[in-house]
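Examining the three-dimensional arrangement
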Amino acid sequence: QVQVVESGGGLVQPGGSLRLSCTASGDIVSIYAMTWYRQAPGKQRELVATMTKSDSPYYKESVKGRFTISRDTAKNTADLQMNSLNAEDTAVYYCNAIVVRAITGGRYSYWGQGTQVTVSS
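Let us look at the structure shown here. Per chain, residues are indexed from 1 in the order of the written sequence. Only residues with pLDDT of at least 70 get local features here, since the model is predicted, and only at 80 or more are side-chain atom pairs given and counted; chain-wide, interface and lining totals rely on the full set of residues. Only hydrogens and water are set aside when side-chain values are computed; all heavy atoms of the structure are taken into account.

It is worth spelling out the state of the cysteines at this point. The criterion for a disulfide is a pair of cysteine sulfur atoms lying within 2.5 Å. Throughout the structure, instances matching the rule amount to one disulfide. Between the sulfur atoms of Cys22 and its disulfide partner Cys95 the distance amounts to 2.0 Å. Between Cys22 and Cys95 the sulfur-sulfur dihedral comes to about -80°; the bridge is accordingly left-handed. Placement of Cys22 in strand E3 (residues 18-26) and of Cys95 in strand E9 (residues 91-100) is noted, with a sequence separation of 73 residues between them. Cys95 matches Cys22 in its accessibility class, with the two residues each being buried. Every helix listed is a DSSP run of H or I at least four residues long, and every strand listed is a run of E at least two residues long, numbered separately from the N terminus. Exposure categories follow from relative accessible area, calculated using a 1.4 Å probe and restricted to protein chains: below 20% of the type maximum is buried, above 50% is exposed, and the middle band is partly exposed.

Put into structure tokens, the structure is as follows:
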């Protein structure tokens, strides 16, 4: 089995910063991509930032220059550094990992449980 766990959410004032962390563990040979999504109340889940093993990171337009995704392929982790936060960034943030499993050799998608980020004064 594979588990994906996020941490680091919380309440922050506008203009502040937070760092989210995501760790994948279990039956993993390699991770093709790790992606951060978010879902605000009443809205669809949207991609925030993604990073594959070999490509440059990709960001949602509204977070470019403010958010940075980084991966540690040896530790199967992906962090999301979020700066200059504003109220529109308030959402539950989810981590997704596309994993190659040892048992089957195929690629599978796994989600974490989400972590709440609230930007408010």
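Attention shifts here to the sheet that holds strand E7 (residues 67-72). Strand pairing is defined by DSSP finding a minimum of two bridges between the two strands. One open sheet holds the four strands; their spatial order is E1-E3-E8-E7, and the pairing between them is antiparallel. Sheet topology places strand E1 (2-7) and E7 at the edges, where each strand pairs with a single neighbour. Taken pair by pair, the neighbouring strands of this sheet meet at an average axis angle of 15°, ignoring direction. Direction of pairing for E1 relative to E3: antiparallel, over a ladder of six bridges. Note that in E3 the partner of Val2 across the bridge is Gly26. Each axis is a line fitted through C-alpha atoms, and for a helix only the stretch in contact is used; angles between axes span 0 to 180 degrees, taken between their N-to-C directions.

Okay, the side chain of Arg101 next. Among the structural elements, Arg101 can be located in the loop between E9 and strand E10 (107-111). Here Arg101 falls in the buried class, since its relative accessible area comes to 15%. The term polar contact refers here to a pair of N or O atoms within 3.5 Å; inside protein, the definition further demands a hydrogen-donor-capable atom paired with an acceptor-capable atom, and it admits residues adjacent in sequence only when both atoms are side-chain atoms. At 3.2 Å, the side chain of Arg101 and the side chain of Tyr110 are in polar contact.

Let's shift gears to the environment of Thr35. With respect to the helices and strands, Thr35 occurs in strand E4 (residues 30-39). Separated by 16 residues in sequence, Thr35 and Met51 have C-alpha atoms that sit 6.3 Å apart. Two residues qualify as a contact provided that any one of their heavy atoms is within 4.5 Å of a heavy atom in the partner residue. Ignoring anything within four residues of it in the chain, the contact list for Thr35 reads Leu47, Ala49, Thr50, Tyr94, Cys95 and Asn96. Polar side-chain contacts of Thr35 include one of 2.6 Å to the side chain of Thr50.

Structurally, the position occupied by Asp89 is in the loop between strand E8 (77-82) and E9. With relative accessibility at 1%, the residue Asp89 sits in the buried group. In this view, Asp89 contacts Arg38, Arg66, Phe67, Ser84, Val117 and Val119; residues no more than four positions away in its chain are not counted.

Right, let's get into the nonpolar core. Formed by 31 residues in total, the largest nonpolar core has its most connected members in Met34, Trp36, Val48, Phe67, Leu80, Met82 and Tyr93. Within the residue set of this core, elements represented by two or more residues are E1, E3, E4, strand E5 (46-52), E7, E8, E9 and strand E11 (115-119). Sorting elements by how many residues they give to this core places E9 first, with five residues. Leave out the neighbours within four places in its chain, and Phe67 touches Arg38, Val48, Tyr59, Leu80, Gln81, Met82, Asn83, Leu85, Asp89 and Tyr93. Take the buried residues of types Ala, Val, Leu, Ile, Met, Phe, Trp, Tyr and Cys, join any two whose side-chain atoms come within 4.5 Å, and each joined set is a nonpolar core.

From the geometry alone we can't say anything about function, so treat these as descriptive.
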